[in-house]
Amino acid sequence: MRVLIAVCFSFLLPISCAAAPKSKQPAKPPARSQPAPRASQAAPPIGNLAVVQKPGSESVRVLFDLARPSAAAVRILTRPETGAPDRPAKTIQVQPNSSRRCDALWDGTDESGQHVLGTAAAVTVRVTAGGNTASLTFKPCRHSNGGAQQTALIVPQLNGNVFKPGEAINIGVQFHNSASSSRDFQVSCSAAGSVASASLRLAPQECGAVSMPLKAPSAPGPLKVTATVASAGKQIAQATTTALVMPPAPLAKGAEPIFGLIGTDNLSLAQAIGAGVWISGKPWWMLPGEGPLRQSADPDSPDAFVNTASKSGISLVGIASMPLDASPGLRDAVSHFIRRVGGWLLPAPTDGDYTKALRRFYAAVKAVHKDAWAFMNPLPAPQCADIAKQGAATDAIVFEGDADGRRVDEVASARDFGSPGRELWVVLGNPVKLNAAEALRSAVVNIAHGADRILWSSAGLLADDSGTPSPALFGCALAAQLLTGAEYAGCLESGGQVHAHVFHKGGSSIVVAWSESASASIDLPGAGGKSTSVKQVTPAGVQTLPSKRSVSVSSHPIVVEGVSASVTSKAVSSEMKARFSRASAAAAEAGIPFPTGDFGDEQVSELLSLAVDKYTSDEPSRGKLVTFICRLEQVADLLALRKAVATQSSETASRRALDVLNHAIADLRAPIVLKEGSKGFLPHARALLRQVEKRASAALTAYKQGDHSLAAAKANQATALAKAVLKIVSAEPVMDLSRP
């Protein structure tokens, strides 16, 4: 099984394969590194991994076989609840011994001596010997009466039970000996032709669990896993569970991800739904009281966790420790993982002023790495709106959204008032669980209302407390595949109760439509006279439909790809009215005269110039001016899209525009860095730099998709903004990070 999160900077208890007494002698200094072993000395395989526990007992025996005598490490991780990440509890060192069978005793405590077995929803045992690893996840046995306990199957993650095609997986099968005498149990497990077997002897009333190594099939789809337990040649129990085999969602190359995952440690699940940002659990990078972070080749180290996510194209977000001045603390972690971890999130404290804590946290992150994200904890929208009005010290306002996007409007209004330029990240799927149709529909609606990114809550992607994957995963995966690298164009004026949202991608249109009435239809011609691709998303999943120009829509979303770009133009006309109105309102707040007639690139350039000039002289209005510039750029986005649809650009022209943009970004970054120094920060300039870089990313993505007209238009738009922001850099006072 591929290990995702098993971080432990622990004191190692030496335990023999033959017995498990604690050594009272001082720990020996770590041995010097040895040369790599010869082929004949390869790391010994680990087999027959099992655990045994008496009901109500606070200790667990860990049993396993080694092919030959070797040192081994037994790592214990506990999971407080289903869907939550594993927490390192303890590491037990097993010393070489002549016996093949190893028996290690865990007393149920963590390194601080606190009992954690009794409160854990699940426990993972990970045994490492040389370069080999074996894992087993089980649920603590809490039955103290003599009744029989049903056979239980535990899929290792318990966080969605999602695996990539062909991935090696370990199934945990656990059972109970209700007899009055010791018994030998034989266990078999199968899934799509992959079979494993094991045996275990249990004393009266003992609970046992065995690890069954299987392999996921190459074909995606539901995976039924069946386990059978027998004793004395008679079957005494059988159980089944369901997992899901899903490949990583195919995303546009080089596109900035707009979807993320929060609250789980399942890498396969994150890849399957196209999550480009992964906020995973507690401080995986440290444990209280441990020494400084160090680079490590240990497969269970924080560095291995970060590298695994990075190789999968996922930007990791770490959870800051509380208190912020702990050692090793936040600054140590930001420094250690500089440019390898995308950002950091501050959990909501149980007491005290979160707004003040957020300012300290933000300053601590930026003092180490200015480009690292620093985020607030996801909170209900009304609470986030209050924080945003006060001036949120966060690169993105992260809040719990709803299915119709109204929360985005609520927080956006507060953001424009007190936290100009901050992005809006919406968490969906908590507390209401989603199905496939709801996942796609809510993602589209929230993006249409102005959400910059969507974070899926793992709680909304699990069908039940056992970790069974929900059909919502299919809707999430399709949303990421469709909308990553796409530009939102607007909603078609279809009349009635039809919602038809249009996205532009790769030179053609994508339409996601549904109806609140019984049935309706919309006309969607194919690009270049070609046929379109039509899919329907039901609560249970995604199905392909025959291609038709007139598409029937119902409450279940219809996705139509390859639609003529003329549909984009129609959607832009409708969306332009709404964005024009918001920009006009922001202009009035900032004291900028806003035109009422024709509006194009020339007017955008003039208004941008007026805004930056006013910024240099009108200090009280600076926040409002930044808000206006952001709203103005949203209008410019549609102008660039409209121009791209109406004109043709060559690859040479788009490449030239991208080259000019790269120089403009470098020319903007240099004075920002120079003025900030080591202890300063320019929040307005940085927020607007982010606006430039978002559009630069969109330009590069369009270029890679062969949409050279959009690539050139977006690059020219971003270049103009970068040049204008230079005046803001000169005028903005430097924030002292040593005084948050």
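Keep in mind the model is a prediction, meaning the values are calculated, not measured.

A. Focus on the overall build of the protein. Of the regular secondary structure elements, the protein holds 14 helices and 35 strands. In the protein, which comprises 740 residues, the share counted as buried stands at 55%. A fraction of 69% describes how many contacts in the protein between residues 6 or more apart in sequence connect residues 24 or more apart. For the protein, the exposed surface amounts to about 30,500 Å²; the carbon and sulfur share of it is 51%.

B. Fine view of the pattern of salt bridges. Inspection of every chain in the model, using the stated rule, returns 31 salt bridges. The partner of Glu575 in a salt bridge is Arg579, with the nearest N and O atoms 3.1 Å apart. Of this pair, Glu575 and Arg579 both sit in helix α9 (residues 566–590), separated by four residues, roughly a single helical turn. Relative accessible area serves as the criterion here: at 9%, Glu575 is assigned to the buried category. By relative accessible area, which is 12% here, Arg579 ends up buried. Each of Asp371, Arg669, Glu676, Arg686 and Glu693 takes part in a single network of salt bridges with overlapping partners.

C. Just the sheet that holds strand β13 (residues 194–202), in detail. Taken in spatial order, the five strands line up as β10-β16-β15-β12-β13 in an open sheet, and their pairing is mixed. On the outer flanks of this sheet lie β10 (162–163) and β13, each paired with one strand and no other. When strand β15 (residues 221–231) meets strand β16 (residues 234–245), the two strands line up antiparallel, connected through 11 bridges. The residue of β16 that forms the bridge with Ser231 is Lys234.

D. Looking closely at the sheet that holds strand β31 (residues 541–545). Within the open sheet, the six strands sit side by side as β26-β27-β28-β33-β30-β31. Their pairing is antiparallel. In this open sheet, the two strands that pair with only one neighbour each are β26 (487–491) and β31. Neighbour-to-neighbour, the strand axes of this sheet turn through a mean angle of 25°, independent of strand direction. Note: strand β30 (residues 533–538) against β31, five bridges, orientation antiparallel. Bridge pairing in β31 places Gln536 opposite Gln543.

E. Molecular detail of the state of the cysteines. Throughout the structure, instances matching the rule amount to one disulfide. Disulfide partner of Cys141: Cys207, at an S-S distance of 2.0 Å. Taken as a pair, Cys141 in the loop between β8 (132–138) and β9 (152–154) and Cys207 in strand β14 (residues 207–215) lie far apart in primary sequence, 66 residues in all. Relative accessible area serves as the criterion here: at 3%, Cys141 is assigned to the buried category. Given a relative accessible area of 6%, Cys207 falls into the buried group.

F. Representation of the packing of helix α12 (residues 651–676) against helix α13 (residues 683–704) within the structure. Relative orientation of the contacting elements α12 and α13 amounts to 160°, with a least axis distance of 11 Å. When the axes of α12 and α13 are compared, the pair comes out roughly antiparallel. Read as a crossing pair, α12 and α13 show a hand that is left-handed. Facing Glu651, Ser654, Arg655, Leu658, Leu661, Ile665, Leu668, Arg669, Ile672, Val673 and Glu676 of α12, the residues of α13 in contact are Ala685, Arg686, Leu689, Val692, Glu693, Ala696, Ala699, Leu700 and Tyr703.

G. Quick look at the packing of aromatic side chains. Evaluated as defined, the whole model comprises 11 aromatic pairs. Ring geometry for Phe259 against Trp456: centres 6.1 Å apart, planes inclined by 0°, an arrangement best described as stacked. Of the two residues, Phe259 is situated in strand β17 (residues 259–262) and Trp456 in strand β25 (residues 453–457); the sequence distance between them amounts to 197 residues. In this structure Phe259 comes out as buried when scored by relative accessible area, which is 1%. By relative accessible area, Trp456 is classed as buried at 0%. Note on Phe594 and Phe599: the rings are 5.5 Å apart at their centroids and 25° apart in plane angle, and the pair reads as stacked. Across the pair, exposure class does not vary: Phe594 and Phe599 are buried alike. Its guanidinium or amino end placed over the ring of Tyr615, Arg622 lies 5.0 Å from that ring's centre, counting from NZ or CZ.

How each quantity is defined
- Residues numbered from 1 in each chain as written.
- Predicted model: local features only at pLDDT ≥ 70, side-chain atom pairs only at ≥ 80, totals over all residues.
- Heavy atoms only, no water.
- Helix = DSSP H or I, 4+ residues; strand = E, 2+ residues; numbered from the N terminus.
- Buried < 20%, exposed > 50% of the residue type's maximum accessible area, 1.4 Å probe, protein only.
- Contact = heavy atoms within 4.5 Å.
- Areas by Shrake-Rupley, 256 points an atom, 1.4 Å probe, with all protein chains shown as cover.
- Salt bridge = Lys/Arg side-chain N within 4 Å of Asp/Glu carboxyl O.
- Pairing = 2+ DSSP bridges.
- Axes fitted to C-alpha atoms, helices over the stretch in contact; angles between N-to-C directions.
- Disulfide = S-S within 2.5 Å.
- Parallel < 35°, antiparallel > 145°, perpendicular 65-115°, else oblique.
- Left-handed = near helix turned anticlockwise from the far one by under 90°.
- Phe/Tyr/Trp six-rings, centres within 6.5 Å; stacked < 30°, edge-to-face > 60°.
- Lys NZ or Arg CZ within 6 Å of the ring centre and 35° of its normal.

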